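Breakdown of the fold
Listed below are the residues making up each chain.
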Amino acid sequence: MIEQYRYPWHNGNRFNLHVDGTRFFPAMLDAIGQARRYVLMEMYLFESGDLAERFIAAFIAACQRGVRVELLLDDYGASNLFKRDRQRLAAAGVGLAYYNPIKYGKLRRNLFRDHRKLLLVDGELAFVGGAGITNDFSPPNAPEEGWHESMLEIRGPCVADWFDVFVRNRNRWSPQWLELPAPEIPPLPGGRPGRVAVNNPVRMEIKRSLLKHLRSARYRIWIATAYFIPSRKVRRALRRAADRGIDVRLLLPGPRTDLPPVRHAARRYYGRLLRHGVRIFEYQPRFMHAKVLMCDKWVSTGSSNLDRWNLHWNLEANQEVADPVLAGSVEAMFEQDFGNAREYTKEEWFARAWHRRFLEHFWGWVDLLMERQSQRRRHQDRGPAPPEEP
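Rules and cut-offs
Residues numbered from 1 in each chain as written. Predicted model: local features only at pLDDT ≥ 70, side-chain atom pairs only at ≥ 80, totals over all residues. Heavy atoms only, no water. Salt bridge = Lys/Arg side-chain N within 4 Å of Asp/Glu carboxyl O. Helix = DSSP H or I, 4+ residues; strand = E, 2+ residues; numbered from the N terminus. Buried < 20%, exposed > 50% of the residue type's maximum accessible area, 1.4 Å probe, protein only. Axes fitted to C-alpha atoms, helices over the stretch in contact; angles between N-to-C directions. Parallel < 35°, antiparallel > 145°, perpendicular 65-115°, else oblique. Left-handed = near helix turned anticlockwise from the far one by under 90°. Contact = heavy atoms within 4.5 Å. Nonpolar A, V, L, I, M, F, W, Y, C, P; charged D, E, K, R; others polar. Core = buried A, V, L, I, M, F, W, Y, C linked by side-chain atoms within 4.5 Å. Pairing = 2+ DSSP bridges. Right-handed = clockwise from strand over helix to strand, strands pointing away. Phe/Tyr/Trp six-rings, centres within 6.5 Å; stacked < 30°, edge-to-face > 60°. Expected span 1.5 Å × (residues − 1). Polar contact = N/O pair within 3.5 Å; in protein donor to acceptor, adjacent residues only side chain to side chain.

**What to know about the pattern of salt bridges**
A side chain with one charge may pair with a side chain of the opposite charge, provided their charged atoms come close. Per the stated rule, a full pass over the model turns up 21 salt bridges. We note a salt bridge from Asp 85 to Arg 88, for which the minimum N-O separation is 3.0 Å. Taken together, the residues Asp 85 and Arg 88, both in helix α3 (residues 83–92) and 3 residues apart, mark about one turn of the helix. For Asp 85, a relative accessible area of 5% translates into the label buried. Assessed through its relative accessible area of 31%, Arg 88 is described here as partly exposed. Of the charged contacts in the structure, one is a salt bridge between Arg 220 and Glu 331, with a shortest N-O distance of 3.5 Å. In this pair, Arg 220 sits in strand β11 (residues 220–224) while Glu 331 sits in helix α11 (residues 324–339), placing the two residues 111 residues apart along the sequence. Residue class for Glu 331 comes out partly exposed when judged on its relative accessible area of 30%. A network of salt bridges, in which partner residues are shared, links Arg 36, Asp 122 and Glu 124.

**Side note on the packing of helix α1 (residues 21–33) against helix α2 (residues 50–64)**
At a closest axis distance of 9 Å, the pairing of α1 and α2 adopts a crossing angle of 15°. The angle between the axes of α1 and α2 places the two elements in the roughly parallel class. As α1 runs across α2, the sense of the crossing is right-handed. Judged by residue contacts, Phe 25, Met 28, Leu 29 and Ile 32 of α1 engage Leu 51, Arg 54, Phe 55, Ala 58 and Phe 59 from α2. Of the residues contributing to the contact of α1 with α2, the split by class is 8 nonpolar, no polar and 1 charged.

**Topic: the nonpolar core**
Side chains that are nonpolar tend, in soluble globular proteins, to be buried together. Membership of the largest hydrophobic core comes to 49 residues, with the highest contact counts inside it found for Leu 120, Ile 154, Trp 162, Leu 251, Val 330 and Phe 334. The dominant element in this core, judged by the number of residues it contributes, is helix α5 (residues 158–173), at 8 residues. Residues in contact with Ile 154, not counting those within four places in the same chain, are Arg 14, Phe 15, Glu 124, Leu 125, Ala 126, Val 128, Val 159, Trp 162 and Gln 319. Grouped together as the second largest cluster of nonpolar side chains are 42 residues, Met 28, Phe 59, Ala 62 and Ile 133 included.

**Overview of the pairing of strand β3 (residues 68–74)**
A large share of β3 lies buried, amounting to 6 of its 7 residues. The sheet contact formed by strand β2 (residues 38–43) and β3 spans 6 bridges and is parallel. Following the sheet pairing, Leu 40 is matched in β3 by Glu 70. For the crossover from β2 across α2 to β3, the handedness is right-handed. Where β3 and strand β4 (residues 95–99) come together, 5 bridges link them in parallel fashion. Bridging across to β4, Leu 71 finds its partner in Leu 96. Read from β3 through α3 to β4, the crossover connection turns out right-handed.

**Let's talk about the packing of aromatic side chains**
Under the counting rule described, the total for this entry stands at 17 aromatic pairs. Ring centres of Trp 147 and Phe 287 lie 4.8 Å apart, and the angle between their planes is 80°; on these two criteria the pair is classed as edge-to-face. Of this pair, Trp 147 sits in the loop between β7 (125–129) and β8 (150–155) while Phe 287 sits in the loop between β14 (279–283) and β15 (292–295); the two residues are 140 residues apart in sequence, bridging distant segments of the chain. Here Phe 287 falls in the buried class, since its relative accessible area comes to 4%. Look at Tyr 227 and Phe 287: their rings are 6.3 Å apart centre to centre, the planes differ by 55°, and that puts the pair in the tilted class.

**Overview of the packing of α2 against α3**
Where α2 contacts α3, the axes come no closer than 9 Å and their chain directions differ by 15°. Taken together, the axis directions place α2 and α3 in an arrangement best described as roughly parallel. You can see that α2 and α3 cross each other, and the crossing is left-handed. Contacts between α2 and α3 involve Glu 53, Ile 56, Phe 59, Ile 60 and Cys 63 from the former and Asp 85, Arg 88, Leu 89 and Ala 92 from the latter. For the contact of α2 with α3, the residue count by class is 6 nonpolar, no polar and 3 charged.

**A word on α11**
The end-to-end C-alpha separation of α11 is 22 Å, in line with the 22 Å expected for 16 residues at 1.5 Å each. The N-capping residue of α11, defined by a side-chain oxygen 3.0 Å from the backbone nitrogen of Val 325, is Asp 323.

What follows is the structure, encoded as structure tokens:
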């Protein structure tokens, strides 16, 4: 029997929220530049380009000063990492491992992906969030126009659990066992409670924890997600929270998105949510790629969207935090984003044009068809799925 949560709550952590690539990429690169013992990265998207070049140069420089560098990349998400860049990394001594290599004729198995985004330095510092190493998050000629995202900087005992997350998964996909001592980090003075929550195909900690907090929230539920295809239980919990007077708000992508069909499919849920008093905002300036869950002063942020498809197939990981200071930073981010978003009223929504309704119904039907097919494959196909090591 699987325990409800793999990792416990730890006191004594410090958290710092970085919003947008203009802030978190310099902080991540600076941490790599100061590494003394090792740098570990688990990443879904890693694509050759200007941003990747900055990280590759930092990894190579770290190796040259004797720092061990290990990368675990999703095989599909790294498909646009050029061969020459892989060769440069390997030649410098960077360890490369690839999660679930794509294989022809293995459709079901290929659907399992590692969607996590994690950087660990010296067992002392971790960055987790939703950003990939691609120019989309930091366009070379206009970095301020990159996809809107956040990363959380973590110090304290939770870093040891993030180390365990990385090692469990990496050792499953690399022929060379990673032998590094697990960090032992005492609680930091003045630190706050935190817990690492993980998802894989047989463990749904992030969704379980979210439902618990949706049902117990006392005054606020604010959610930002790039892809909004929630389960029936999540939708019901959002409606019931709004019915009991909770301030329920959703911050979702507007017209600027990398997957318009997913946006259309998500919009079929707006009507019923609006009827119950849920407030829905669509971010306008750029693609809103953030993944932040906030209930009262509880915050959960990391790689996981509110998307039942991805929760079925992906490895995900979030940092949960109970910290009034971080909650204040997250609240300020949300307030600024709400100011840059279009809010839909119930009357305005039900007066929308017929062609928009058609797109919502069509892509909603496609989503349901894909969901049914994926569930059928999960039940019928034989052979083990590739989750993490237990």
